[in-house]
Amino acid sequence: MTNKEKIKKIQNVIDHPGDEELYYKLLKDMGDLKINYGDYMITEPINCNEEMKRLPAADYNLCAALLTMLLREDHFCNGSFAKRQKAGQVDLILKRMKEELIK
């Protein structure tokens, strides 16, 4: 998938948000679901709030890992993804992913 195609898919999700499954599908379709997301993290145990502070300087792969991390967080803390989505954190990751693809 080209960067242009990824940008289009990401923008579509920004414009039409959904539940966790939509974001899993997005990452899977783009080939960017980071099953090994823990390898990208610097906190142990993983502290999602601390890891999110890295977003402004994150490259594309770290962004994908951060989004995967938030999806996995919801698996353990049901409802956390929706809260983070409502707070705008999910869109911040997607927008940063787009920025990195445009470079």
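The structure under discussion appears in the preceding block.
Draft legend 1. Structural context of the overall build of the protein. Per the secondary structure count, the protein includes 6 helices and 0 strands. Counted from the first residue to the last, the protein has its helices and strands arranged as α-α-α-α-α-α. In terms of overall dimensions, the protein is globule-like: its C-alpha atoms have a radius of gyration of 13 Å, near the 13 Å expected for 103 residues. Dimensions of the protein, computed from C-alpha atoms along their principal axes, come out at roughly 35 × 25 × 20 Å. The 103 residues of the protein split such that 41% are buried. Of the contacts made within the protein by residues no fewer than 6 positions apart, 61% connect residues no fewer than 24 positions apart. Surface exposure of the protein reaches about 6,100 Å², of which carbon and sulfur atoms provide 51%. Across the protein, the centroid of the 17 positively charged side chains sits 4 Å from that of the 17 negatively charged ones.

Draft legend 2. Inspection of the side chain of Glu73 at higher detail. Positionally, Glu73 belongs in helix α4 (residues 60-76). Residue classification places Glu73 among the buried positions, given a relative accessible area of 15%. A polar atom in the side chain of Glu73 sits 2.7 Å from the side chain of Arg84. Contacts of Glu73, omitting those with residues within four sequence positions, involve Cys48, Ser80 and Arg84.

The rules behind each value
- Residues numbered from 1 in each chain as written.
- Predicted model: local features only at pLDDT ≥ 70, side-chain atom pairs only at ≥ 80, totals over all residues.
- Heavy atoms only, no water.
- Helix = DSSP H or I, 4+ residues; strand = E, 2+ residues; numbered from the N terminus.
- Rg over C-alpha atoms; globule rule 2.2 N^0.38 Å.
- Buried < 20%, exposed > 50% of the residue type's maximum accessible area, 1.4 Å probe, protein only.
- Contact = heavy atoms within 4.5 Å.
- Areas by Shrake-Rupley, 256 points an atom, 1.4 Å probe, with all protein chains shown as cover.
- Lys, Arg positive; Asp, Glu negative; His and termini not counted.
- Charge placed at Lys NZ, Arg CZ, Asp CG, Glu CD.
- Polar contact = N/O pair within 3.5 Å; in protein donor to acceptor, adjacent residues only side chain to side chain.

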